[in-house]
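Listed below are the residues making up each chain.
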Amino acid sequence: MTALRSIAMLGAIVASTSACVTINIYFPAAAAEKAADRIIDDVWQLRERATPAAPQPVEGEAK
């Protein structure tokens, strides 16, 4: 029974270590920064379009 237990323990260790798999995906920093800048520019453009322009004061009027 101890041989069966040690085989089961070894099998559990092998299964648990093989299940720990990490997948790393690396993005080029320049491309990620360029994409972020483009998104920020798009958001600012949308915000500027949504904000109504402040009325300009007429000469002689109090501000």
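The structure we're discussing is the one just above.
Here the structure is a predicted model, which means the values were calculated and not measured. (Residues numbered from 1 in each chain as written. Predicted model: local features only at pLDDT ≥ 70, side-chain atom pairs only at ≥ 80, totals over all residues. Heavy atoms only, no water.)

### A short note on the overall build of the protein
Phase 1 of the analysis: Check the secondary structure of the protein and you find two helices and zero strands.
Phase 2 of the analysis: For the protein, the exposed area adds up to about 6500 Å²; of that, 65% sits on carbon and sulfur atoms. (Helix = DSSP H or I, 4+ residues; strand = E, 2+ residues; numbered from the N terminus. Areas by Shrake-Rupley, 256 points an atom, 1.4 Å probe, with all protein chains shown as cover.)

### Points about a nonpolar patch on the surface
Phase 1 of the analysis: A cluster of nonpolar side chains, contributed by Val21, Ile23, Ile25 and Phe27, occupies part of the molecular surface with about 530 Å² of accessible area.
Phase 2 of the analysis: Here Val21 lies in the loop between α1 (2-18) and α2 (29-50). (Patch = residues over 30% accessible without salt bridge, like charges linked within 9 Å, V, L, I, M, F, W, Y side chains within 5 Å. Salt bridge = Lys/Arg side-chain N within 4 Å of Asp/Glu carboxyl O.)

### Observations regarding α1
An α-helical segment advances 3.6 residues per turn. Residues three or four places apart therefore align on the same side.
Phase 1 of the analysis: The terminal C-alpha atoms of α1, which comprises 17 residues, lie 24 Å apart, in line with the 24 Å expected from a rise of 1.5 Å per residue.
Phase 2 of the analysis: Burial analysis of α1 places just zero of its 17 residues in the buried class, which makes it a mostly uncovered element. (Expected span 1.5 Å × (residues − 1). Buried < 20%, exposed > 50% of the residue type's maximum accessible area, 1.4 Å probe, protein only.)

### A word on a negative patch on the surface
Phase 1 of the analysis: A contiguous patch of negative charge, built from Glu33, Asp37, Asp41 and Asp42, is present on the exposed surface.
Phase 2 of the analysis: Along the chain, the position of Glu33 falls in helix α2.
Phase 3 of the analysis: By relative accessible area, Glu33 is classed as exposed at 53%. (Lys, Arg positive; Asp, Glu negative; His and termini not counted. Charge placed at Lys NZ, Arg CZ, Asp CG, Glu CD.)

Function cannot be read off these values alone, since they describe shape.
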